Amino acid sequence: MSNVEIIGGTHLHGTVKVSGAKNAAIPLLCASLLARGKVLFRNMPKITDVDSLVRILKYLECDVKFKGHTMLVDNTNLKYKPLLLTECKQMRGSYYLMGVFLTLFSKCEMVLPGGCKIGKRPIDIHLQAFKEMGFQYVINEDVISIVKHEDIKNLEITLKNKSVGASLNAMFAGLSIDNLTLRNTLFEPEGRDVLLFLRQIGYDVHLQEDVLVHKTKKLELKLIKHNVLPDRVEAMTYTILGLLTGKLRIQNVATKDIELPLKLLEESDYAIKYNSNEIIVNKSKGNGMRIKTEVYPGFPTDMQPIFGVLCAYSKATSIIEETIFENRLQIYHDLKDLGVDVNIETSTITIQGQSEIECTKLTACDLRQGVALALLAFAAKGTVQIENFEYIERGYEDFIHKVTAIGGKIKQYDVLPLQNK
Ligand code: EPU
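Calculation criteria
Residues numbered from 1 in each chain as written. Predicted model: local features only at pLDDT ≥ 70, side-chain atom pairs only at ≥ 80, totals over all residues. Heavy atoms only, no water. Salt bridge = Lys/Arg side-chain N within 4 Å of Asp/Glu carboxyl O. Helix = DSSP H or I, 4+ residues; strand = E, 2+ residues; numbered from the N terminus. Buried < 20%, exposed > 50% of the residue type's maximum accessible area, 1.4 Å probe, protein only. Phe/Tyr/Trp six-rings, centres within 6.5 Å; stacked < 30°, edge-to-face > 60°. Lys NZ or Arg CZ within 6 Å of the ring centre and 35° of its normal. Pairing = 2+ DSSP bridges. Axes fitted to C-alpha atoms, helices over the stretch in contact; angles between N-to-C directions. Near = heavy atom within 4 Å. Polar contact = N/O pair within 3.5 Å; in protein donor to acceptor, adjacent residues only side chain to side chain. Areas by Shrake-Rupley, 256 points an atom, 1.4 Å probe, with all protein chains shown as cover. Nonpolar A, V, L, I, M, F, W, Y, C, P; charged D, E, K, R; others polar.

On to the pattern of salt bridges. As a working rule, side chains carrying opposite charge can pair if their charged atoms are close by. In this structure the tally under the stated criterion is 20 salt bridges. Salt-bridge contacts for K160 lead to D124; the nearest nitrogen and oxygen are separated by 2.8 Å. Linking K160 in the loop between β9 (154-158) and α6 (164-174) with D124 in helix α5 (residues 124-132), this pair joins segments that are 36 residues apart in sequence. Taking the relative accessible area as the measure of exposure, K160 reaches 45% and is therefore partly exposed. A salt bridge links R232 to E188; the nearest nitrogen and oxygen atoms lie 3.1 Å apart.

Quick look at the structure:
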């Protein structure tokens, strides 16, 4: 466990460079096992979820070299092994190894994935797709075993609901089928990056609206180079940090992927300017907003908690509705505990902006709520402690270094776990 201490109220200024996207890096690394030969990733983020996955790849006897932001994966010696590892439990995205294993080995045994506790997060849509593709599965306590029982050459499947994870996983498993049409998929910018990568390594996969088509093609052996796309949630996190605290220039941003949240900030009168790959913000107080999270290109659920903090400091009342993850509302309970005028009704929040929020000790419970607390602390006055900083490190590269470089006062310290806790 590790905690941080933040001295809030400091004017932050300077440039922040956005890292590669967590939600692209994880499926890309899993997909690299499907390549014949070596894969070189650039702009790979240095986050603990990537570290966990690298440990899994090494356990599978892949050779992985990670220097700077460049990662070379050589899976020449890749071996099938059961995935009964703590690393698989620690993260959500380990489930992409199921689909990849089904294509590579026609079987997979794995502990069920963990990840942020922001809702029930079942994997029924993934399993529906695997079943229709001719795989059988059994779940025994927290271990799932999947095996092929029928060889299917041509298939059309309609996923029963839109899901980022299930679309990617069904695509990975579906690479074992000669002709596949997958309907009702959801490929956000990160998923589209993975699709591009699969085409680079020789798979014939194409997306038309929400229909994915795959046809068998012979794969070639060559070195593939791929740049991980920039993290849109990290970009928006520093954008909001700048709006709350000072003057920031945020670089290496694909602003075309965050059109809606950027437009919302402009319309709400925040001091923001941007071009195709850079955002410049000045501390400002905006008007209230109306936010409803929706699948891409709608408002991203991952940005909802950080916008919640911005709304808490705005000039007026905001209404926020979470429609993707039923339990992603912890930040509003935190704000309410701090005396902010917040009303939580099922998944709709009404929040009244204030000029000051006093806080001394906060607890991170998941990645995005955790970083939202850090934003809150930087905007507050005085010293604030945040417990469980490790949640933030799962998805934000070098957060401490990046905020220190722009004048942020933040210090990390380890806490020994209490015995029998
Ligand atoms: N769902 C089901 N059954 C399934 C799959 C999903 O009911 O089989 C439900 C979920 O419970 C949820 C909704 O469908 O209510 C959407 O879930 P989705 O599958 O789209 O999300 P995910 O794959 O679990 C990924 C990211 C999330 C991000 C969402 C939406 C990874 C590892 N996770 O989750 O990232 O919020 O897509 O963009 O890529 C984060 O980065 O903080 C994070 C949680």
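After that view of the structure, there is still more to cover.
Here we take up the packing of aromatic side chains. Tallying each qualifying case throughout the model produces ten aromatic pairs. Between the aromatic rings of Y95 and Y96, the centroid separation amounts to 4.9 Å while the plane-to-plane angle is 80°, which identifies the pairing as edge-to-face. One exposure class covers both Y95 and Y96, and it is buried. Here the aromatic cluster, defined as three or more aromatic residues joined through ring pairs, consists of Y238, F389, Y396 and F399. Across from the ring centre of Y59, 4.9 Å away, lies the NZ or CZ of K81, which sits over that ring.

A few words on the pairing of strand β19 (residues 342-345). Sheet topology places β19 next to strand β20 (residues 348-352); four bridges connect them, and they run antiparallel. Residue pairing across strands places I344 opposite I349, the latter belonging to β20. Counted between consecutive antiparallel strands, the loop separating β19 from β20 contains two residues, among which T346 sits at a positive phi close to 50°.

Once that is clear, we can look at the sheet that holds strand β7 (residues 135-140). The strand order across the open sheet built from three strands is β6-β8-β7, with neighbouring strands paired in antiparallel fashion. Two strands in the sheet have a free side with no partner beyond their single neighbour: β6 (107-111) and β7. Across the sheet, the mean angle separating the axes of adjacent strands is 10° when strand polarity is ignored. Inspection of the sheet shows β7 paired to strand β8 (residues 143-148) by six bridges, in the antiparallel sense.

With that settled, the discussion passes to the site of the ligand. Residues in close proximity to the ligand total 23 residues, the closest being Y95, D124, S163, D302 and I324. A distance of 3.0 Å is found between an oxygen atom of the ligand and a side-chain nitrogen or oxygen belonging to R328. Separating an oxygen atom of the ligand from a side-chain N or O atom of R368 is a distance of 2.8 Å. Notes on the ligand: free accessible area 830 Å², of which the protein chains cover 89%. Looking at the shell around the ligand, the elements that each hand over two or more residues are α1 (22-31), α5, α6 and α12 (367-379). Along the lines of polarity and charge, the residues of the shell around the ligand split into ten nonpolar, five polar and eight charged.

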